[in-house]
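Here's the letter readout for the chains.
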Amino acid sequence: MMRGWVRVAMGLMASSALWQMPALAQDAPPAEPAAQPETQDEIVVVGLRRSIAEAIETKRNAVAIVDSISAQDIGKLPDQNVVETLSRIPGVQITRRNGEGQNFTIRGISLNTVLVNDRPFVGPTPDSSAALDVLSPDIIAAIDVFKSPTADQIEGGLGGTVNLRTKRPLDLPAGTFALRAQGQYADIAEKYGFRGSALASTRLFDDRVGVLFNVAFQKIYNEQQTQELSNYVLTGGVDGNGDGVNDPGLYRPARFAMIRLPRRADRLTIGGAVQYRPVETLEVNIEGTYNQFDAFAGAQRFQTLLNDNDVGARVGTGNTVTSGRFAGIIQRPLIYYEQDRSELYVLGGNVTWTPDNWRISADVSLSSGTSPVTGNSATPIVVPRAGRTVDVTYDLLSPTDVPSYALTGNFDVNDPTNYQLSGLVDGFNTIDNDAKAARVDLVRDIGAGLLKAVAVGYRYEDRGFNTERFDAPLTLAGAVAIADTNRDGIVTANEIPGLRYTGLGDTNLLEGLSGLFPNNFLGGSVDLAALRAGFGYTPQRSVGQSNNVQQRTHALYGRVDLDGTLFGIDIRGNAGVRWISTNREALGFTANQGGFLPIRYDRSYDEFLPSATLIFELRDDLLLRVAGARVLATPPLSDLAPGVNINIVNLTGTGGNPLLNPYQADQADVSLEWYFGRANLLAVTAFTKSVKSFTSLVSTVETIDGFINANGTGNTFLITRPQNGSDGRVRGVEFNYQHQLSFLPAPFDGLGVQANYTYASSRTPIVDPLTQRTLPLPLLSKHSFSLIGYYEKGPVTARLAYTQRSGYLLNVQSVAAGGSRYIDDQNQLDGSFQFDLRRGLRLTFDAQNLLKRPEIRYDGIAARRVTTILDDRRYFLGFAFSL
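Not measured: the values here are computed from a predicted model. (Residues numbered from 1 in each chain as written. Predicted model: local features only at pLDDT ≥ 70, side-chain atom pairs only at ≥ 80, totals over all residues. Heavy atoms only, no water.)

### Considering the overall build of the protein chain
And then number 1: On a plain count of helices and strands, the protein chain comes out with seven helices and 46 strands.
And then number 2: With the principal axes as the frame, the protein chain shows a C-alpha extent of 90 × 60 × 55 Å.
And then number 3: Expressed as a percentage of its 883 residues, the buried residues of the protein chain come to 56%.
And then number 4: Restricting the contact set of the protein chain to residue pairs at least 6 apart, pairs at least 24 apart contribute 73%.
And then number 5: When the accessible surface of the protein chain is summed, it comes to about 35100 Å², and 56% of that surface belongs to carbon and sulfur atoms.
And then number 6: Charge separation in the protein chain, taken as the distance between the mean sites of 81 positive and 91 negative side-chain charges, equals 1 Å. (Helix = DSSP H or I, 4+ residues; strand = E, 2+ residues; numbered from the N terminus. Buried < 20%, exposed > 50% of the residue type's maximum accessible area, 1.4 Å probe, protein only. Contact = heavy atoms within 4.5 Å. Areas by Shrake-Rupley, 256 points an atom, 1.4 Å probe, with all protein chains shown as cover. Lys, Arg positive; Asp, Glu negative; His and termini not counted. Charge placed at Lys NZ, Arg CZ, Asp CG, Glu CD.)

### Observations concerning a nonpolar patch on the surface
And then number 1: Together, Phe-833, Phe-835, Leu-837, Leu-843, Phe-845 and Leu-877 give the surface a local cluster of nonpolar side chains, amounting to about 510 Å² of exposed area.
And then number 2: When contributions to the nonpolar patch are tallied by element, the ones reaching two or more residues are β42 (826–838) and β43 (841–848).
And then number 3: Looking at the nonpolar patch element by element, the count peaks at three residues for β42.
And then number 4: Tracing the sequence through the fold places Phe-835 in strand β42.
And then number 5: Judged by its relative accessible area of 31%, Phe-835 falls in the partly exposed class. (Patch = residues over 30% accessible without salt bridge, like charges linked within 9 Å, V, L, I, M, F, W, Y side chains within 5 Å. Salt bridge = Lys/Arg side-chain N within 4 Å of Asp/Glu carboxyl O.)

### Here's the deal with the side chain of Thr-797
And then number 1: Position of Thr-797 relative to the elements: it lies in strand β39 (residues 796–805).
And then number 2: Within the local environment of Thr-797, its side chain forms a polar contact with the side chain of Glu-792, the two groups lying 3.3 Å apart. (Polar contact = N/O pair within 3.5 Å; in protein donor to acceptor, adjacent residues only side chain to side chain.)

### Thoughts on the pattern of salt bridges
Charged atoms that come close allow side chains of opposite charge to pair.
And then number 1: Evaluated as defined, the whole model comprises 50 salt bridges.
And then number 2: The salt bridge involving Arg-267 is made with Glu-100; its shortest N-O contact spans 2.2 Å. Of this pair, Arg-267 sits in strand β13 (residues 255–279) while Glu-100 sits in strand β3 (residues 100–106), and the two are 167 residues apart along the sequence. Neither Arg-267 nor Glu-100 differs from the other in exposure class; each is buried.
And then number 3: Arg-301 is the salt-bridge partner of Glu-338, the closest N and O atoms lying 3.2 Å from each other. Placement of the pair is Glu-338 in strand β18 (residues 337–353) and Arg-301 in strand β15 (residues 300–305), with a sequence separation of 37 residues.
And then number 4: By relative accessible area, which is 19% here, Arg-301 ends up buried.
And then number 5: Counted as one network, the salt bridges with shared partners bring together Lys-59, Asp-67, Arg-107, Lys-147, Asp-669 and Glu-734.

### Examining the confidence of the model for the protein chain
Should pLDDT be low for a region, the predicted coordinates there are not to be read in detail.
And then number 1: Averaged over every residue, the pLDDT of the protein chain is 86; residues scoring 70 or more account for 90%.
And then number 2: Confidence drops under pLDDT 50 across residues 1–45; counting only partners more than four residues distant or on other chains, this segment forms 115 contacts. (pLDDT = per-residue confidence, 0-100.)

### Section: the environment of Thr-235
And then number 1: Tracing the backbone through its elements, the reader meets Thr-235 in strand β11 (residues 232–235).
And then number 2: Judged by its relative accessible area of 7%, Thr-235 is buried.
And then number 3: With sequence-adjacent residues up to four places away left out, Thr-235 is seen in contact with Asp-247, Pro-248, Gly-249, Leu-250, Arg-252 and Asp-308.

### Some remarks on the sheet that holds strand β6 (residues 140–146)
And then number 1: In spatial order, the strands read β1-β6-β7-β4-β5; together these five strands make up an open sheet with mixed pairing. The strands lining the two open edges of the sheet, one partner per strand, are β1 (66–70) and β5 (119–120).
And then number 2: Pairing analysis gives four bridges linking strand β4 (residues 113–116) to strand β7 (residues 161–166), with the strands arranged parallel. What sits directly across from Val-116, in β7, is Leu-164.
And then number 3: Across the face of the sheet, helix α2 (residues 47–61) comes into contact with β1 and β6 while running at roughly 155 degrees to β1. (Pairing = 2+ DSSP bridges. Axes fitted to C-alpha atoms, helices over the stretch in contact; angles between N-to-C directions.)

### Details of the nonpolar core
And then number 1: The biggest cluster of nonpolar side chains holds 57 residues, and the ones touching the most others in it are Phe-326, Tyr-394, Ile-496, Leu-510, Leu-531 and Phe-535.
And then number 2: No other element matches the five residues that strand β17 (residues 320–335) contributes to this core.
And then number 3: Sequence-distant contacts of Ile-496, defined by excluding residues within four places in its chain, comprise Pro-380, Val-382, Leu-421, Val-491, Leu-531 and Phe-535.
And then number 4: Counting 29 residues, the second-largest nonpolar core is a separate cluster that includes Ile-69, Val-83, Ala-265 and Ala-295. (Core = buried A, V, L, I, M, F, W, Y, C linked by side-chain atoms within 4.5 Å.)

### Remarks on unusual backbone geometry
And then number 1: In this structure, Pro-747 follows Ala-746 across a cis peptide bond, with omega equal to 5 degrees.
And then number 2: Examined against the element boundaries, Pro-747 turns out to sit in the loop between β36 (728–740) and β37 (751–763).
And then number 3: For Glu-190, which is not glycine, the phi dihedral falls at a positive 55 degrees.
And then number 4: Inspection of the secondary structure puts Glu-190 in the loop between β8 (176–186) and β9 (191–204).

### Observations concerning helix α6 (residues 528–535)
And then number 1: For α6, every residue scored as buried is listed here: Leu-528, Leu-531 and Phe-535. All buried residues of α6 project into a common sector of 60 degrees when viewed along the axis, lining one side. Facing away from the buried surface of α6 by more than 90 degrees, the exposed residues are Ala-529 and Ala-533.
And then number 2: If you follow the buried residues of α6, they end up packed against β18, β19 (358–384), β22 (419–448), α5 (476–483) and β25 (522–526).
And then number 3: Regarding α6, its N-cap is Asp-527, as a side-chain oxygen of that residue lies 3.2 Å from the backbone nitrogen of Ala-529 further along. (Arc of directions from axis to C-beta.)

As structure tokens, this is what we get:
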């Protein structure tokens, strides 16, 4: 039924982002309407330039440290999801997966609050955080990133708060209709996709009622190609100097792999709103956002598993085995079935009444993020049949873009009949997260000297996190008993149900990058239904990996708003305090005597969160903004779950810790902002954030009674859990420059520039197991900047957007794994172009990843490269139509 509805909806796809007036930052007074031209020489700013001006005005009028992107600005960027749009904001850094923006940090911190129309946004993720990578930007009117809070704002943003504002019908002209449709082409995948959106809005009953419907759909194809060295292993079994004696303390790659990851991602996002304003002092809003996401990938991983059987090995920097020949290794041509599906929605309603000097509002909301299948990964694991071996020769120091390696063997590695089944992987998680919230706010205008208003409010939230793990209950012996049709004691590749090899794959793997490596290897597909039916199993719930966390929060706040003159300087701002009381229940299971026993942990805490912001209008165009606050965030709910995930192959596991303390941070910001000319900005912001209760990952040996390791020798595992840690800090400075160059002579007066740069340094209590030095915050680049040039004049609108960030720590790893993992410098260039064919009809062209630079990861030191990842260039061509 849903698929049929989607086909109908696709006929209405449109560009909603082109028609919404931007929502203003919380508590900011509305921007003044643009002045009408008084003379023929007056310049009226419209389109993209108007949208940038409105975002700057939002920042200027806000009573916090805020950066914004407005609707038309979003519509002019070739972004596939909201995360990519956030990358244009100072201090925001994003990570990418499969070529798309996936996660973001604000000033290096990933614990951030995401709201939709000031309401909680719960995503279908393992920690219940908002999944902005599945959300189309086409339904968004504006994005506000708050880097300093006010007392009335919802707590939980250790780095900041992102508020996504959707469209409201009474903010639009009556009878608004907009449509966008674009075809997509990915140059590695060599496939065509589609994206489009539509918006329709009308007013009824003498403009007292507004109704809006908005829909966006994407079917996007891409392919990611990777050379992977997996990780490094610490070994004493390799002779690194040719003296015939094995040397201790050397690091060699665990494996080489060439990977093709073709992927299709479908996004359906629907927005709707009903707005009722019977009189000027009363307004009712009912609005909702729904998203459905479905991604499928069929990875082909040509894996070469190394050993210590070396000939002519050589050692380089950091005791790394940089070259050599290794004999008798295992070759695995693996074909995967991978899928993620999710649904999320936010429903809310509010009433605002403004009698006399009062502003009284009430809001209720429900948010849900569910996934019947997340992280589904299924593959029959095949290895060479008896007597078939391969040697590998590699050189990490080859003067090429990608480390070179070559295979020689006594059999054809691309003949499926040379392989047999050695195991089966088929597992996934289900997720069911939700949040129910209600709040009441009262504001009283005072107007006595500096005291402008007093505000008080109450809020209640009930948030739940539920996850379950399902795995295939099939042993190798069981698979042989079912599928060994010729009764030779093994299951050959052609006997594996659902597995289909289709011959050699892409001969242009990692095209444009130099290096010698296998380009032609077995491709194919896995029919998951046939695999399960043929082996006669369905994945079973793993009781020990099922968790539930329920968290209830009460909050009260009081705030005073200031506006007046002091010592001849105009001052505005606010000061207040927020009190929160949190109760949490964490439910899970612990292994005991071959079974599982339920366990429960209860935790409660109260906190006071003061905040204040003062804005000094030094001149009409020069503001000094000073802000200070204490902020708090709950650890990811998945970190609070008491269960444990066991890997019986390498005798390790990960678990949660329901006794984790909340994160706290004391922060301060000072911002000097020059608003020169019409819609131009130069701002410098210095910030510091002192974070308490950093968690650290601690590994200890635990006895898990419900499991036996793969060797059958015992039930002790090295389990890694988060523990309460000590303090850390983040400090830095942001520069933001935006200039519409309208003073230039025609036709160059349509040019403009937006540039921002962020420097951020961090100190944490996390100690690198390899170097014993303290590490910076994961995911934080010390340097990042964005440079956007645009042109808008007559029928032409064009933009180039370049972003770059310096290398950063990805995650902490042990000495035995070669050290912590890092990502090298990254950059990206995107572009967009629009041409007005006639009034209301525009030709559109967007391009992503024009530079096509590979992402490079390494362990410990740069010489230990682990991955080289290459993503498509993607092109979009179509039209936009509006009435």
